[in-house]
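These are the residues of each chain, in order.
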Amino acid sequence: MKVSFAAPALPPSGALVLTVAKGGTLQGLAAEADAAASGALSKAVAASRFDGEAKATLEVTAPSGLDAERVLLVGVGAELDARLAEDVGGSVYSALAKSGSESAVLVWPQAGSAAAVGLGAALAAYRFDKYRTQLKDKDKPTLGELVIAAPDADAARQSYEQDGSKIVEAVGFARDFVSEPGNVLYPETYAEDLRELEAIGVSVEVLDQTALEELKMATLLGVAQGSAREARVVVMRWEGAEAPPIALVGKGVTFDTGGISIKPSGGMEEMKWDMGGSAAVVGAMRAIAGRKAAANVVGIVGLVENMPSATAQRPGDVVTSYSGQTVEVINTDAEGRLVLADLLAYVIEVYKPRAVVDLATLTGAMVMALAHEYAGMFSNDDELAASLVSAGEAVDEKLWRFPLHDAYDRMLESHIADMKNIGPREAGAISAAQFLKRFVGETPWAHLDIAGTAWTDKARPTVPKGATGYGVRLLDRLVRDVCER
Ligand code: BES
Ligand code: MN
Ligand code: ZN
């Protein structure tokens, strides 16, 4: 959907969207439109339960006296910040998407938040329809253009073009990868697709199977060895500033069957999105490069498929990680940490980052703890943790910090190797984080367990059902706050 900005005016056609503050009184252009329609709008408000509550909508179809096909009243509540403006934009899109109107003008009287409204609407307009060949016309969206009529239209346009539209592209890029099924998206195809980032100035290095063997990334390769698909690691660099880089690390298990410790069949199809952490990283790289951020960022994703087969890793196998530490693989379904262990040690050794943030759909235990509202965070650095929490609040990709402690670390003691890859069932998300901590040394590090937030069965105003793209905006904001200040 196209988003544009113009000076406030009533449109000659299409849909007209007017904001209404808490209480339901029509003001400004809304009052003018109501007068032109002989009071039809205020009459509709009085006849309904619409009272201007933020995100609520009320449609009045084809009121006489106005040129508009329909008027949509949208509530903006009592106090509106940029985050709520995004949600209002998303709600407007959803209310009009299949209304029949092809264009809409949204009159937005508040200065300072028009770009956020456009961002929210564009994020809500994401769809993944490429595999639908029988979509009925009435199920297709009609709305193709949203004009936001705001007093500060020029500033809003500039902000949207420089930042907002780049975020929209980046989140869509991530959502597309997460939505793709495992037969289409696997390490080789995924790595090839990431070359697309070169067009916006990201340097993309693909480490193939042979390179990974030479580097001795054995915990990562152990996960991949049961699959007919080769593993790939992709390193993406955006050098927009001369400073030590911040490193973003993503789990990219393109399908997780569990391996020999195979998962139950019910719901296993969901494990196509076990690459959600990697999608957040590649989406963030796209956003950061897209808006030409003055920051030095290195993104690294480990792409593997976890399959059971005659060549698969066995429970009890001992592997030597890139760091030299040995791991006894008790459960082949705890594979994400094996992938991340090698990525973390490698990116820290080679790029000496000022900080590392990894994202992974790592544990079912995290979903039990937080459901789908917050992602879990673990960190060895209070400052980094605080930056992440505030970035998450700003973009509504919220984080809740969990503890790390030696007592949890001891749960990983092995009889024959440096560590096991699982602890007991209790505190499963924490022992997974303790496992990762063994591979980061003294580098400031945060681990985000996004198992509950990478995918959603329930639409939110700016996040349609399905792949959320969680983490893209969070990382983009973190880089903005920490590196670009
Ligand atoms: N990818 C899964 C975690 C997961 C589960 C993500 C449900 C999203 C929804 C991960 O690889 C996994 O299988 N973890 C195991 C670890 C266990 C064997 C210690 C889990 O959480 O059950
Ligand atoms: Mn698993
Ligand atoms: Zn997994």
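Keep in mind it's a predicted model, so treat the numbers as computed, not measured. (Residues numbered from 1 in each chain as written. Chains lettered and ligands numbered in written order. Predicted model: local features only at pLDDT ≥ 70, side-chain atom pairs only at ≥ 80, totals over all residues. Heavy atoms only, no water.)

1. Here we look at the coordination of the manganese ion (ligand 2)
Working step 1: For the manganese ion (ligand 2), every protein donor is listed as D256 (OD), D333 (O), D333 (OD) and E335 (OE), and the spread of their distances is 2.0 to 2.2 Å.
Working step 2: Around the manganese ion (ligand 2) sit six donor atoms; with metal-centred angles ranging over 71 to 167°, the donor geometry is irregular.
Working step 3: The sequence pattern formed by the donor residues of the manganese ion (ligand 2) is D-x76-D-x1-E.
Working step 4: A relative accessible area of 2% places D256 in the buried class. (Donors = N, O, S within 2.8 Å, 3.2 Å for Na, K, Ca; no water. Tetrahedral: all angles 85-135°; square planar, octahedral: opposite > 155°, others 65-115°. Buried < 20%, exposed > 50% of the residue type's maximum accessible area, 1.4 Å probe, protein only.)

2. Section: the coordination of the zinc ion (ligand 3)
Metal coordination angles have textbook ideals: 109.5 degrees for a tetrahedral set of four donors and 90 or 180 degrees for an octahedral set of six.
Working step 1: At the metal site, the zinc ion (ligand 3) is ligated by K251 (NZ), D256 (OD), D274 (OD) and E335 (OE), and these contacts range over 1.9 to 2.4 Å.
Working step 2: Taken together, the six donor atoms surrounding the zinc ion (ligand 3) define angles of 77 to 174° at the centre, an arrangement classified as octahedral.
Working step 3: Mapped onto the polypeptide sequence, the residues donating to the zinc ion (ligand 3) form the spacing pattern K-x4-D-x17-D-x60-E.
Working step 4: Between the zinc ion (ligand 3) and the manganese ion (ligand 2), both coordinated by D256, there is a metal-metal distance of 3.2 Å. A residue pair is termed long-range when its members are at least 10 positions apart, and D256 in strand β9 (residues 246–256) and E335 in the loop between β12 (326–329) and α10 (336–351) qualify at 79 residues. For the pair formed by D256 and E335, the shared burial category is buried. (Helix = DSSP H or I, 4+ residues; strand = E, 2+ residues; numbered from the N terminus.)

3. As for the site of ligand 1
Working step 1: In the region of ligand 1, 16 residues are neighbours, and K263, D274, D333, E335 and G364 sit closest.
Working step 2: Here D256 contributes a side-chain N or O atom positioned 2.9 Å from an oxygen atom of ligand 1.
Working step 3: Here K263 contributes a side-chain N or O atom positioned 2.8 Å from an oxygen atom of ligand 1.
Working step 4: For ligand 1, the protein covers 77% of the area, taking 510 Å² as the surface of the free molecule.
Working step 5: Classifying every residue of the shell around ligand 1 by side-chain character gives five nonpolar, four polar and seven charged. (Near = heavy atom within 4 Å. Polar contact = N/O pair within 3.5 Å; in protein donor to acceptor, adjacent residues only side chain to side chain. Areas by Shrake-Rupley, 256 points an atom, 1.4 Å probe, with all protein chains shown as cover. Nonpolar A, V, L, I, M, F, W, Y, C, P; charged D, E, K, R; others polar.)

4. As for α10
Working step 1: Look at α10: 22 Å from first C-alpha to last across 16 residues, which is about the 22 Å you get at 1.5 Å a residue.
Working step 2: Counting buried positions over the 16 residues of α10 gives 14, a clear majority of the element.
Working step 3: Positive phi appears at K352, one or two residues downstream of α10, with a value of about 40°. (Expected span 1.5 Å × (residues − 1).)

5. Quick look at the domain arrangement of the protein
Working step 1: The domain architecture assigned to the protein consists of domain 1 (2–153) and domain 2 (168–483).
Working step 2: If you average the C-alpha positions of domain 1 and of domain 2, the two centres end up 38 Å apart.
Working step 3: Listed by partner, the interface residues are 15 residues for domain 1 and 17 residues for domain 2.
Working step 4: Both sides together, the interface formed by domain 1 and domain 2 hides about 1300 Å², and carbon and sulfur atoms give 59% of it.
Working step 5: It is R83, L123 and Y126 that lose the most area in domain 1 upon contact with domain 2, and together they represent 49% of the buried surface on that side.
Working step 6: Linking domain 1 to domain 2 there are three salt bridges. (Domains from an automatic or database assignment. Contact = heavy atoms within 4.5 Å. Buried area = accessible area lost by both parts, 1.4 Å probe. Salt bridge = Lys/Arg side-chain N within 4 Å of Asp/Glu carboxyl O.)

6. Structural notes on the nonpolar core
Grouped burial of nonpolar side chains is what soluble globular proteins tend to show.
Working step 1: With 92 residues, the main nonpolar core has W108, M236 and L388 as its most contacted residues.
Working step 2: It is helix α5 (residues 153–179) that provides the largest number of residues to this core, a total of 10 residues.
Working step 3: When residues of this core are sorted by domain, at least three fall in each of domain 1 (2–153) and domain 2 (168–483).
Working step 4: The residues contacting W108, other than those within four sequence positions of it, are T19, V76, L80, A85, V88, S113, A114, V117, I148, A149, A150 and P151.
Working step 5: Core analysis: the next-biggest nonpolar cluster, separate from the first, contains 42 residues, L212, I300, Y346 and M419 among them. (Core = buried A, V, L, I, M, F, W, Y, C linked by side-chain atoms within 4.5 Å.)

7. So, the packing of helix α12 (residues 382–395) against helix α15 (residues 472–483)
Working step 1: Two elements in contact, α12 and α15, have axes whose closest approach is 9 Å; the angle formed by their N-to-C orientations is 120°. As far as their axial angle goes, α15 and α12 are oblique. Crossing geometry of α12 relative to α15 is assigned as right-handed. Between α12 and α15, the contacting residues are S387, L388, A391, G392, A394 and V395 on the first element and R473, L474, R477, L478, D481 and V482 on the second.
Working step 2: Taken together, the residues of the contact of α12 with α15 sort by class into seven nonpolar, two polar and three charged. (Axes fitted to C-alpha atoms, helices over the stretch in contact; angles between N-to-C directions. Parallel < 35°, antiparallel > 145°, perpendicular 65-115°, else oblique. Left-handed = near helix turned anticlockwise from the far one by under 90°.)

8. Regarding the pairing of strand β8 (residues 232–239)
Working step 1: For β8, a buried count of six out of eight residues is recorded, marking the element as mostly surrounded by other parts of the structure.
Working step 2: Here five bridges tie strand β7 (residues 203–207) to β8, and the two strands are oriented antiparallel to one another. Paired with V206 across the strands is V234, a residue of β8. (Pairing = 2+ DSSP bridges.)

9. Things to note about the sheet that holds β12
Working step 1: The strand order β11-β12-β16 describes an open sheet built from three strands, whose pairing is mixed. The sheet terminates laterally at β11 (317–320) and β16 (419–420), the two strands that pair on one side only.
Working step 2: Taken together, the two bridges between β12 and β16 define a ladder with parallel strand orientation. Paired with E328 across the strands is K420, a residue of β16.

10. Some remarks on α12
Working step 1: The terminal C-alpha atoms of α12, which comprises 14 residues, lie 20 Å apart, in line with the 20 Å expected from a rise of 1.5 Å per residue.
Working step 2: Of all the positions in α12, only L384, A385, S387, L388, A391, G392 and V395 are classed as buried. Relative to the axis of α12, the buried residues are bounded by an arc of 160° and lie together on one face. Exposed side of α12, more than 90 degrees from the buried face: D382 and E383 are the residues found there.
Working step 3: Buried residues along α12 sit in contact with α3 (82–96), β13 (355–360), β14 (375–379), β15 (399–401), β17 (445–449) and α15.
Working step 4: Its side-chain oxygen placed 3.2 Å from the backbone nitrogen of E383, D381 serves as the N-cap of α12. (Arc of directions from axis to C-beta.)

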